[in-house]
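Survey of secondary and tertiary structure
Here is how the chains run, residue by residue.
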Amino acid sequence: MIRTQRLAAGVCALLAALTAGIAFPAGAVADETTATAPKVDLVIDVSGSMRAKDIDGQSRMAAAKQAFNEVLDATPEEVQLGIRTLGANYPGDDRRTGCKDTAQLYPVGPLDRTEAKTAVATLTPTGWTPIGPALLKAADDLDGGEGSKRIVLISDGEDTCAPLDPCEVAREIAAKGIGLTIDTLGLIPNTKLRQQLSCIAEATGGTFTSVEHTDELADKVNQLVDRAADPVVTPVATTGADQCAKAPTLKSGLYTDREEFGQQRWYRVDLEPGQELRTSVSVSADRAVNPSHGVLLRAVTERGREIVRGEAAGNGRTDVVSTGLRYPKAEADGDDTAPAETVCLQVTQSFSAGSGVQSTPGLPLELTVDVVDGPSTSSDVASFGLGRGWWLLGALILTGFLAGVVWGWLSRWRFAVWRTN
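What counts, and where the lines are drawn
- Residues numbered from 1 in each chain as written.
- Predicted model: local features only at pLDDT ≥ 70, side-chain atom pairs only at ≥ 80, totals over all residues.
- Heavy atoms only, no water.
- Pairing = 2+ DSSP bridges.
- Helix = DSSP H or I, 4+ residues; strand = E, 2+ residues; numbered from the N terminus.
- Axes fitted to C-alpha atoms, helices over the stretch in contact; angles between N-to-C directions.
- Left-handed = near helix turned anticlockwise from the far one by under 90°.
- Contact = heavy atoms within 4.5 Å.
- Nonpolar A, V, L, I, M, F, W, Y, C, P; charged D, E, K, R; others polar.
- Buried < 20%, exposed > 50% of the residue type's maximum accessible area, 1.4 Å probe, protein only.

Here we take up the sheet that holds strand S13 (residues 320-328). Backbone hydrogen bonds hold the strands of a sheet together, and the pairing may be parallel or antiparallel. Spatially, five strands are ordered S7-S8-S15-S10-S13 in an open sheet, and the strand pairing comes out mixed. Strand pairing shows two members of the sheet lacking a second neighbour, strand S7 (236-237) and S13, which therefore form its edges. Across two bridges, S7 lies against strand S8 (residues 253-259) in parallel orientation. Within S8, the residue paired with Ala237 across the bridge is Thr256.

Okay, structure coming up:
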């Protein structure tokens, strides 16, 4: 009898252990999924200026609500989304109190679309514009987890809570190294607001966009939320050379480097017949530089013959200048053993340091390399020159010639009639 009870107890214990062993991994998988989920905190300005009716005939607040509802409908399931307000609750004149007016309207987490829309519907333009404090709190909202983190700030006015400079706050957030990006959208921005929102975005590698229509606002916020769901790509540090022969050979990927003022950097990419090289470069001014600068990206052969180039100029309004190029290598007719071609990429920038600014270390450089299968049809102008465009060019030339002949004949005829009369 005792043996039977012990055997039954042992079987129960074994079943319990097996059950726990099955259950815990499932919980662990759920926890792991949550930890790596992308997070987005939408930070909306609800200050008194949002009452202005200058966006498609409606108030800025109404336009923001409409855009938010569209965004909430389109948010991917894997994105954990929250909404934070600034200037939504305190209508008074006390600056100390007004600069604390930021609250989490909807917590960052799995999205209940109905609940989030209900929360957005309650918003009424009210008070101050504490952008700096709101960004600090939003960074706390996104704390934890290994997935991408993004703040999307929407505002129509400058911060009213200096000396807590929102640009300095953004730099402080970037210095924490938590991989948080701040994107900013300005509703009908003036020059000062544009500069402030641009500075906030650039401090964390984000983007600034000026928005003047409801559909533009919804489209841009949707793009940023979708971008948060994209896989996080970690740039690979590399060091370019002063000539192509010594340059590192790069494969498809994202690379970072630093380039001294006025310096050239060289990189190499191997391209098989039938492949296309797509590459872009961005150079950032992480310190004070003189206006009027540019970036040149050239693809050349190992012998120095230029294949194609891309170039861009800056005038000091932004801290980043970017350009890119495409180069398709045609298929080798009937030769499957044709060798790969080494393409040399040359990056040259014409930034110059401002007065009293150190020239070292070099400016941050980000290089994207993408080697893909080339197009298979002659309709791709980038791959086959003008392609069918030759027919159009010929037709235009012929049309122009015939039009000139007819016009000349008519002019001579009218002149002859005039002389006769």
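The next subject is the sheet that holds strand S6 (residues 208-211). Spatial strand order, S3-S2-S1-S4-S5-S6: six strands in an open sheet with mixed pairing. The open sheet is flanked by strand S3 (102-109) and S6, the only strands paired with a single partner. Strand-to-strand twist of the sheet, defined as the mean angle between neighbouring strand axes without regard to direction, takes the value 15°. One ladder, built from four bridges, connects strand S5 (residues 180-187) with S6; its direction is parallel. Following the sheet pairing, Leu185 is matched in S6 by Thr209.

For the pair helix H2 (residues 60-74) and helix H8 (residues 214-229), the least separation of the axes is 9 Å and the interaxial angle reads 35°. With respect to the hand of their crossing, H2 and H8 are arranged in right-handed fashion. Between H2, through Ala63, Ala64, Gln66, Ala67, Glu70, Val71 and Ala74, and H8, the contact on the second element is made entirely by Thr214, Leu217, Ala218, Val221, Asn222, Val225 and Asp226. A breakdown of the residues in the contact of H2 with H8 according to their chemical character gives nine nonpolar, three polar and two charged.

Our next topic: unusual backbone geometry. At Asp56, a position not held by glycine, the phi torsion is positive, near 50°. Relative to the elements of secondary structure, Asp56 occurs in the loop between strand S1 (39-45) and H2. A positive phi is found at Ile188, a non-glycine position, where the angle reads about 50°. Tracing the sequence through the fold places Ile188 in the loop between S5 and helix H7 (191-203). Ile188 sits in the partly exposed class, given a relative accessible area of 29%.

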